[in-house]
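Chain by chain, the residues:
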Amino acid sequence: MRKLTFKGGIHPPEKKELSENESIIEFPVRPEISVPLLQQLGAPSKPLVKKGDPVKKGQMIGEAQGFISANVHSPVSGKVKDVDYTNHPVTGRGISVTILTESNNTPTSDDYFKAEDPEKLSPQEIADIAKNSGIVGMGGASFPTHVKLIPPKGKNYESLILNGAECEPYLTADYRLMLEKPEKILLGAKLMMKACLAKKTFIAIESNKPEAVREWEKLTSGEDWIELKVMKTKYPQGAEKQLINAITGKEVPSGGLPVDVGVLVQNVGTAAALYDAVYSGEPLIKRVTTVTGAVKRRANLLVPVGTYVSDIIEFLGGYLGEPGKVIFGGPMMGVSQRTDGVPVIKSTSGILVLSKTESTEKPQTNCIRCSRCVTVCPIGLMPYEIAARSETGDLETAGSVGALDCIECGSCSFICPARRDLVQLIRLAKNKIIAKKKRGAQK
Amino acid sequence: MIQNLRLSSSPHVKDPTTTRRIMLLVIAALVPSAAASILFFGYYSGILMLTGTISAIAAEAIAEILRKRGLKSLTDGSAALTGLLLSFNLPASVPIWVPVIGAFVSIWFGKMVFGGLGHNIFNPALIGRAFLVAAYPTLMTASWISPVLTNSTASGFINDKLRTNIESVVSSEELDAMTSATPLGLLKDARRVLSNPASTDLQKDKARGSIQTLYSWETIKNMFLGNTGGSLGETSALLLLIGGLFLCALKIVNWRMPFSFIGVVFILTWLIGGTNGFFSGNPFFSVVSGGLMLGAFFMATDMVTSPMTDKGQILFGLCAGFLVVIIRTYGGYPEGVCYSILIMNAFTPLIDRFIRPKKFGIQEVK
Ligand code: SF4
Ligand code: SF4
């Protein structure tokens, strides 16, 4: 099969071998968990419980507020210890519902709304279930799924792409899921396709996962609604725009959305979550996450949302040596944490521990105009230039040379021989430009 | 619970290639040529190269101390590379103080005044060379002749027939001085004789004979291997080619630059470089002679002073190649690689302004 790909990109060491052969294990519920009310891109949800309230597993504890937001459910049965600001893995601080798990933590499915006949659901009903179950994109960006499923007026989806590329080094959660729970992904994808009215579904898997490719070759052969696409192993192959480009040849217009080219991209984990919500009525309260790097044991865990990283590490036998960095997500786009007292959230695709030595960085030096960043940028930007403008505060030029188009994939920073913090500078310019625009709009 | 873990922006892994590694690899690619020049010109040329390299490092150290920035930048290897490249441009017989002056000019006026590594517009080594040629023209050109003619081990190039031809040209033609004995210099002299209406038929015959000898496979082979007059690093086109291709393979040098550069020189020389109308030039002679290999693979490709995009690199190479042929054929100097590159350096910011990569997502909607 011809391997598909995009222009630019890099080849960081894959490091998948550390955890790719670990079967998914269910992580036991801990005595205390902390469920942040902001689990997605957009607005945090509104707390529905208060200190001292009893909660049941699967009970909604946070309600979506605004258009881009998602419901939050309790992953355990127990008592609310507090609703207050705590450590948040993405924003640093955020409101969380801290719950003390009751010892007799038996799953109760009273609240679970199970679809009578999943085959007969209408597109809107599927989207509603996704919304009620608090499903968000599980590849890392965590965009609320129900918002994406139904195309905006005047637009429509041609095809659905299931993203199983998992191009971030180290991470193997999607890979294990594709091997161990393929039927969930398949049925979930069918539901998605139905909801978004696409005519065709593609599942994209990178060529460095031959077992998954073989498995899915079997699953998709003879099915005419879904087709397997093998992607070249290259970062950022799994980035939405790059994936669409590789498979359909189309380019999402600058400033536009995938729907503008008629494509919906969903992570394989999201499809499995939708399956759970529809077929068993379980909202999104746990996810598969890869714990890897400098830990005694590496694993792919099915973890309840809200579980503290420190508990997970303890379960796996502790750190290997002294930890330097704990990263939520992969090494390319992941967010480093100040403490391991942070909870797993719906978008936590991996927890990567880097040792002290892996965490030390060489100092930045002058840009030598080597053009490497230009060569690797999948968006065709000149990162050195945007970064230089960002440094001097020339936001106007930074914007005009494409700062807003940057997908923050980090390829430029990865490759820079002068060790310049290119993405960081570009992100800074981007945020400032967006903030300025907002301020302008308010006036 | 562990507090105070390291916070930093993503990405958390980096490619192992650093500025320093790039500079050291370029230096490594130059080592074979440096060794060859010691072989052909004697150990003194080794001393010259060492002096140039050390002076460049010293020059940078002094500048950094004066700018109160500490000596950190010295470890990146760029000063050493500039010093070595500058020495490659010197004739083998120059006095020892020449590379010292050249290196200081290169580093101070070619690089530090612009703000240090990465900010300079012109290739520092070429700035140094251009200065030396302007300040000490005799040392920098006339002295090329001596190592080749006196050093018995390197006498392969100037064969007897050619030598008689040169002498007859020089003695009868009242040129103020026999400027050089590099193959390109000889070619230029012969051309001058041919285009001078005062030349006698005999002189013209001799000049034609020189050209014929220069264009012979024997000469070209010698030049390709390194048995020829010229500056230290220019001698062996073959070794420079090997070093250059090594850097292309490592993607430190963008192959598009040297290939378009040398390609243009090849084709254009063939077209207009001859003395018998179109297509009488010898393209093989043109690409193995002078500083072309050194210039195209190691000077023009200097990252700081060449364009950012593939297309920009090609444009730079094409223009520089064009200028080289024009200077060699019609200009006052026998060789034009140095000036061609410096001229194109000046255009690099402009090229980068207008030749940009195609941005994703702005293709026309069909
Ligand atoms: S500029 Fe942005 S999109 Fe381009 S490589 Fe850097 S982070 Fe990725
Ligand atoms: S990769 Fe780094 S050194 Fe090279 S051009 Fe980009 S910013 Fe400059």
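What counts and what doesn't
Residues numbered from 1 in each chain as written. Chains lettered and ligands numbered in written order. Predicted model: local features only at pLDDT ≥ 70, side-chain atom pairs only at ≥ 80, totals over all residues. Heavy atoms only, no water. Helix = DSSP H or I, 4+ residues; strand = E, 2+ residues; numbered from the N terminus. Rg over C-alpha atoms; globule rule 2.2 N^0.38 Å. Contact = heavy atoms within 4.5 Å. Areas by Shrake-Rupley, 256 points an atom, 1.4 Å probe, with all protein chains shown as cover. Lys, Arg positive; Asp, Glu negative; His and termini not counted. Charge placed at Lys NZ, Arg CZ, Asp CG, Glu CD. Pairing = 2+ DSSP bridges. Phe/Tyr/Trp six-rings, centres within 6.5 Å; stacked < 30°, edge-to-face > 60°. Buried < 20%, exposed > 50% of the residue type's maximum accessible area, 1.4 Å probe, protein only. Near = heavy atom within 4 Å. Nonpolar A, V, L, I, M, F, W, Y, C, P; charged D, E, K, R; others polar. Axes fitted to C-alpha atoms, helices over the stretch in contact; angles between N-to-C directions. Parallel < 35°, antiparallel > 145°, perpendicular 65-115°, else oblique. Left-handed = near helix turned anticlockwise from the far one by under 90°. Core = buried A, V, L, I, M, F, W, Y, C linked by side-chain atoms within 4.5 Å.

It is worth spelling out the overall build of chain A at this point. Within chain A, the regular secondary structure consists of 13 helices and 17 strands. Over its C-alpha trace chain A gives a radius of gyration of 21 Å, about what one expects of a compact globule, namely 22 Å for 443 residues. Projected onto its principal axes, the C-alpha coordinates of chain A cover approximately 60 × 55 × 50 Å. Taking as baseline every contact in chain A between residues at least 6 positions apart, the subset at least 24 positions apart corresponds to 72%. A total of about 17,800 Å² of accessible surface is found on chain A, and carbon and sulfur atoms cover 52% of it. For chain A, the distance from the average site of its 58 positive side-chain charges to the average site of its 49 negative ones is 5 Å.

Before going further, it helps to spend a moment on the pairing of strand β7 (residues 78-88) of chain A. Two faces, one strand: in a regular strand the side chains alternate between the faces of the sheet. All names here are of chain A. Two elements, strand β4 (residues 54-55) and β7, share two bridges in a ladder whose sense is antiparallel. Its bridge partner lying in β7, P54 is registered against K79. Two elements, β7 and strand β8 (residues 92-101), share ten bridges in a ladder whose sense is antiparallel. By the bridge assignment for β8, H88 is matched with G92. Counted along the chain from β7 to the antiparallel partner β8, the turn is three residues long.

We now examine the packing of aromatic side chains. Residue and element names in this part refer to chain B. According to the stated counting rule, one finds eight aromatic pairs over all chains in the structure shown. When the centroid spacing of 5.1 Å and the interplanar angle of 70° are considered together, the rings of W97 and Y136 count as edge-to-face. With W97 in helix α4 (residues 97-110) and Y136 in the loop between α5 (124-135) and α6 (137-141), the pair connects residues that are 39 residues apart, well separated along the chain. On the accessibility criterion, W97 (37% relative accessible area) is partly exposed.

All names here are of chain A. Contacts to ligand 1 come from 14 residues, most closely from C377, C406, C409, G410 and C412. Elements with a contribution of two residues or more to the shell around ligand 1: α12 (411-415) and α13 (422-442). Its residues placed into classes, the shell around ligand 1 shows eleven nonpolar, two polar and one charged.

A word on the pairing of strand β9 (residues 159-164) of chain A. All names here are of chain A. The buried count for β9 comes to six of six residues, which makes it a mostly enclosed element. Sheet topology places β9 next to strand β10 (residues 200-206); six bridges connect them, and they run parallel. Within β10, the position partnered with L162 by the bridge is I203. Both β9 and strand β12 (residues 263-267) contribute to a ladder of five bridges, which runs parallel. Residue pairing for β12: L160 is matched across the bridge by L264.

Here the focus is the site of ligand 2. Taken together, A:C367, A:I368, A:R369, A:C370, A:S371, A:C373, A:Y384, A:C416, A:P417, A:A418, A:L422 and B:M308 make up the full set of residues adjacent to ligand 2. Residues within reach of ligand 2 are spread across chains A and B. When grouped by side-chain class, the residues that make up the shell around ligand 2 number ten nonpolar, one polar and one charged.

What follows is about the sheet that holds β8(A). All names here are of chain A. Strand order in the open sheet formed by four strands is β2-β8-β7-β4, with antiparallel pairing between adjacent strands. Every other strand in the sheet has two partners, leaving β2 (32-36) and β4 as the edge strands with one partner each. Summarising the sheet, β2 and β8 pair through five bridges and their orientation is antiparallel. What sits directly across from S34, in β8, is T98.

All names here are of chain B. Direction vectors running N to C along helix α12 (residues 237-249) and helix α15 (residues 292-299) enclose 15°, while the axes themselves pass 9 Å from each other. Relative to α15, the element α12 is oriented roughly parallel. In this structure, α12 meets α15 at a crossing whose hand is left-handed. Listed contacts from α15 to A237, L240, L241, G243, G244, L245, L247 and C248 of α12 are M293, L294, F297 and F298.

Here we take up the nonpolar core. Grouped together as the largest cluster of nonpolar side chains are 89 residues, with contacts concentrated most on B:F261 and B:F298. Apart from residues no more than four positions distant in its own chain, B:F261 is found in contact with B:L292, B:A296, B:A300, B:G317, B:A320, B:G321, B:V324 and B:I341. A:M178, A:W216, A:V268 and A:A273 belong to the second largest nonpolar core, which has 48 residues in total.

Here the focus is the sheet that holds strand β1 (residues 24-26) of chain A. Residues and elements named next belong to chain A. The strand order across the open sheet built from six strands is β1-β14-β13-β17-β15-β16, with neighbouring strands paired in mixed fashion. If you trace the sheet from one side to the other, it starts and ends with β1 and β16 (335-337), each paired once. Taken pair by pair, the neighbouring strands of this sheet meet at an average axis angle of 30°, ignoring direction. Two elements, strand β15 (residues 323-328) and strand β17 (residues 350-355), share five bridges in a ladder whose sense is antiparallel. Bridging across to β17, K325 finds its partner in L354. Relative to the sheet, helix α3 (residues 173-180) contacts β1, β13 (286-293) and β14 (299-304), its axis offset from that of β13 by approximately 125°.

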